[in-house]
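Here are the chains, one letter per residue:
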Amino acid sequence: MAQIALAAKHLTSYIIYVIKIFREVAVGLSLTKSEIERIHGALKINGQAFIDGRFVDATSGKTFDNISPRNGQIIASVAACDAADVDKAVMAARRAFEAGVWRDQSPKARKKVLQRFAALFEKHMDELAILETIDMGKPISESREIDVNVVLDTLQWYAECPDKLYDEIAPTGPGQLATITREPVGVVGAVVPWNFPMLMATWKLAPALATGNSVVLKPAEQSPLTAIRMAELAAEAGIPDGVFNVVPGFGPTAGKAIGLHMDIDCVAFTGSGDVGKLFLQYAGQSNMKRVYLECGGKSPNIILDDVPELRVAAERAATAICFNQGEVCVAPSRLILSERIQDQFLEIVVETAKSIRPGDPLDPQTKLGALVEDGHRTRVENYIAKGREEGARLVLGGDRPTTDLGGYYVNPTIFADVKNSMTIAQEEIFGPVLSTITVKDDEEAVRIANDTSYGLAAAVWTRDLSRAHKISRKLRAGTVWVNCYDHGDATVPFGGFKQSGNGRDKSLHALDKYTELKTTWIEL
């Protein structure tokens, strides 16, 4: 017993030490208000397209206003690229690919360039975090302490891949040699959303570049600025002209042109299901290009009656739905809660959410920023109204902040007594809106969790490992978290079942999207 007590004491001391180190690191990642003001004031924002190694205006000369959701003010004029600009970018990408200036570099050489790209990104992380915040509305604490660090991890991870990927030799008789080699697919069109502009772009471009492809990236029109800046850093790192191009513009013009282009070999898209289905149609109408989709979710967060650390789980349910203003594809927007603990659990969720108030995204103390644009705020508010209309009980929020912050803000909103058939439980809201559904047992929890057209992510909280494993196996989702939410890193794949999409971002599995397998059979 004495040995057990001593071991426990050492373990407790170690845990306290780890927490202390983590907090010290986190503090080191944060920015003070004066630092934010200084960097913000010095920003030099470029709204041009980046094609064939240089900044250019749209062929038409048209631009659009880039509006900051934090205050509704214009940040920059951005090139409104269309089919003509996409065609120029694809021509540059194809020319670079066929010339072999990138794909034919040795894996070690590509690795060194990508490592320089990651190093340059790291050098400019403060600037990029602030640019992301003013462009998209998320709190600077999240942009600086989370987003840019995950982007850096992704860039560094894939930079290490090129010279560590081995091809195969098939088992044959002594008179034959059969090789199975992985080759770049060619020109990749990447179309990414506005909720995590840098991260979603990096999840596409890093594995695509690591495997020798050329990339044409279209950022969302609401948040194009960090993609443009990253293209400049990539060129500075030594990525050849034409290999990485950025064409800002609107979905029906630039996005559609990428989908229909006859010389794009692959499209990687993250966004809504409706637009994802359009890209599938575009592929059929053009060159049958491969299309990989990540189209959101309606993720169930299942809290069973034996949840370990009830307060921890309840606080996480509240903070996770408010993270990035709820504009997260894996947001735990359906809280599936055992009726045995519903009152106690929901009380803590509400208590925690009350403390998360909207504020200026550039304030380092802010934990809930602005929704990306006024039209999206209206969309979120319409869903809240629909929840009330269909009979859900509003227990928190549902309104705007009483203080006029000048931008597009909504208070954290929690509904109880939600039926899974209600609109707010079936459709992706993309805001800080939580729907609470109570269940009697595990079977009902799994049935309701799977009763959705989506299948991106899910979570289950229980102290019984056997129970967790059995439920996880039954959940139709690409990722299942147990006793945590939204954890992971570059080593594990990310993607969904059902109408959440196909293919996987992250990990070595992402390389499958951007490569072809070639069999070479040799008679000796």
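Thresholds, definitions, all that
Residues numbered from 1 in each chain as written. Predicted model: local features only at pLDDT ≥ 70, side-chain atom pairs only at ≥ 80, totals over all residues. Heavy atoms only, no water. Helix = DSSP H or I, 4+ residues; strand = E, 2+ residues; numbered from the N terminus. Rg over C-alpha atoms; globule rule 2.2 N^0.38 Å. Buried < 20%, exposed > 50% of the residue type's maximum accessible area, 1.4 Å probe, protein only. pLDDT = per-residue confidence, 0-100. Contact = heavy atoms within 4.5 Å. Pairing = 2+ DSSP bridges. Expected span 1.5 Å × (residues − 1). Bend = angle between axes of the 7 residues up to and from the residue. Salt bridge = Lys/Arg side-chain N within 4 Å of Asp/Glu carboxyl O. Core = buried A, V, L, I, M, F, W, Y, C linked by side-chain atoms within 4.5 Å. Right-handed = clockwise from strand over helix to strand, strands pointing away.

**What to know about the overall build of the protein**
Check the secondary structure of the protein and you find 16 helices and 19 strands. Rg of the C-alpha trace for the protein: 24 Å, near the compact-globule value of 24 Å for 524 residues, within the 12% margin. Each principal axis of the C-alpha atoms in the protein carries an extent, and together these give about 70 × 65 × 50 Å. Buried residues in the protein amount to 54% of all 524 residues.

**Some points on the confidence of the model for the protein**
For the protein, the mean per-residue pLDDT works out to 94, and 94% of the residues sit at or above 70. Of the regions scoring below 50 in pLDDT, residues 1-27 engages in one contact with residues more than four places distant in sequence or in other chains.

**Comments concerning the sheet that holds strand E19 (residues 515-523)**
Sheet architecture is open: three strands sit in the order E5-E6-E19, paired in antiparallel fashion. Single-partner strands in this sheet number two, and they are strand E5 (168-169) and E19. Pairing between strand E6 (residues 176-184) and E19: nine bridges, direction antiparallel. Residue pairing across strands places proline 184 opposite threonine 515, the latter belonging to E19.

**Remarks on helix H6 (residues 140-159)**
For H6, built from 20 residues, the straight-helix expectation of 28 Å at 1.5 Å per residue is met to within 8% by its first-to-last C-alpha distance of 27 Å. The largest bend along H6 reaches roughly 25° and is located at aspartate 147.

**Concerning the pattern of salt bridges**
When the charged atoms of two side chains lie near each other, side chains of opposite charge can form a pair. Overall, the coordinates contain 30 salt bridges when judged by the stated rule. Of the charged contacts in the structure, one is a salt bridge between aspartate 374 and arginine 377, with a shortest N-O distance of 3.0 Å. With aspartate 374 and arginine 377 both in helix H13 (residues 374-389), this residue pair falls three residues apart, about one helical turn. What makes aspartate 374 partly exposed here is its relative accessible area of 36%. Looking at arginine 377, the relative accessible area reads 10%, which means it is buried. A cluster of three or more residues bridged by salt bridges with shared partners is formed by Asp305, Asp306, Arg340, Asp442 and Arg467.

**Considering the environment of arginine 447**
With respect to the helices and strands, arginine 447 occurs in helix H15 (residues 442-450). Classification of arginine 447 as exposed rests on a relative accessible area of 52%. For the pair arginine 447 and leucine 225, spaced 222 residues apart in sequence, the C-alpha separation works out to 42 Å.

**Topic: the nonpolar core**
Membership of the largest hydrophobic core comes to 104 residues, with the highest contact counts inside it found for Phe117, Phe121, Leu217, Ile239, Phe244, Phe345 and Val349. For this core, the element with the most residues is helix H7 (residues 197-210), which contributes ten residues. Sequence-distant contacts of leucine 217, that is, excluding residues within four places in its chain, are made with Ala190, Val192, Ala201, Leu205, Ala227, Phe244, Asn245, Val246 and Val247.

**Notes on the pairing of strand E11 (residues 290-294)**
Looking down a regular strand, the side chains alternate between one sheet face and the other. Burial runs high along E11: four of the five residues are buried. Strand direction decides the pairing type here: strand E10 (residues 266-270) and E11, joined by five bridges, are parallel. Opposite cysteine 266, over in E11, you have arginine 290 as the bridge partner. You can see the chain leave E10, run along helix H10 (residues 273-285) and come back into E11, and the turn it takes is right-handed.

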